[in-house]
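Structural characterization, general
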Amino acid sequence: MELPPGKIVGGIEARPYEFPWQVSVRRKSSDSHFCGGSIINDRWVVCAAHCMQGESPALVSLVVGEHDSSAASTVRQTHDVDSIFVNENYDPRTLENDVSVIKTAIAITFDINVGPICAPDPANDYVYRKSQCSGWGTINSGGICCPAVLRYVTLNITTNAFCDAVYTSDTIYDDMICATDNTGMTDRDSCQGDSGGPLSVKDGSGIFSLGGIVSWGIGCASGYPGVYSRVGFHAGWITDTITNN
């Protein structure tokens, strides 16, 4: 099993603020991006456990309203972190329960360019649905992180049975969801630097829901589906953590 070192392979540049829920999780000391995240309300961001395990709120910042990190912006907001909660059942060996939530020190200001993504339907497995994975991760496996402009890739959600059969040496658990391309799984994928970011699914009315969190895979676009933490499976933990904190 190989964790994503952090970018979108085979994707395209997003339009400015096309994914208003996208977060760049950064090291304060260097203002460097190391993981993605998703806004779910004005004080909370969903991320991966493997991104936030061992991190200190004082050393991390959350940037929202980002598009091109190399350009000046009146939309970009940088937020200090109040607290970080990593799922207590996260297993770094199997990558089960790879989910965390981050509370901002002050509320995120929402506008047309910055806003939350909807919660998924826990009863929907989203199999065979098209999805979008966005992030600032590397554009090839082992590549230099990170591109300045947000990128995304369109992927197809597979059955867990198919994904488990491809990953002959690893197990795809119920709390995971897989997505890949239709061309031998070698053209499009998430990659290093995308970890913690969103796998979004759009319904017939144009509403986007957070289907998955970039979690792990073997290489990037290397013949294996990308594996994501299934947000619907973890909806109860996310809700309880937010309610109690």
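You'll find the structure just up there.
Being a predicted model, the structure only gives us computed values, none of them experimental.

Moving on, we come to the overall build of the protein. Helix and strand counts for the protein stand at three helices and 13 strands. Here the protein, with 245 residues, has 54% of them falling under the buried criterion. When the accessible area of the protein is evaluated, it comes to approximately 10000 Å², of which 50% is carbon and sulfur surface.

Taking burial as the measure, the five residues of strand β13 (residues 226-230) include five buried ones, the bulk of the element. Judged from the four bridges that link them, strand β10 (residues 176-180) and β13 form a sheet pairing that is antiparallel. In the sheet register, I177 faces β13, and the bridge partner there is Y228. Pairing between strand β12 (residues 208-216) and β13: four bridges, direction antiparallel. Residue pairing for β13: I213 is matched across the bridge by S229.

A word on the state of the cysteines. Applying the stated criterion across every chain, the model contains two disulfides. A sulfur-sulfur distance of 2.0 Å marks the disulfide that ties C35 to C51. Taking the sign of the S-S torsion, -85° for the link of C35 and C51, the bridge is left-handed. Remark: C51 occurs in helix α1 (residues 49-52) and C35 occurs in strand β3 (residues 32-41); sequence separation between them is 16 residues. Judged by its relative accessible area of 5%, C35 is buried. A residue is classified by how much of its surface remains accessible, and C51, at 5% relative accessible area, is buried.

Rules behind the numbers
- Residues numbered from 1 in each chain as written.
- Predicted model: local features only at pLDDT ≥ 70, side-chain atom pairs only at ≥ 80, totals over all residues.
- Heavy atoms only, no water.
- Helix = DSSP H or I, 4+ residues; strand = E, 2+ residues; numbered from the N terminus.
- Buried < 20%, exposed > 50% of the residue type's maximum accessible area, 1.4 Å probe, protein only.
- Areas by Shrake-Rupley, 256 points an atom, 1.4 Å probe, with all protein chains shown as cover.
- Pairing = 2+ DSSP bridges.
- Disulfide = S-S within 2.5 Å.

Functional significance is not addressed by these values, which are geometric in nature.
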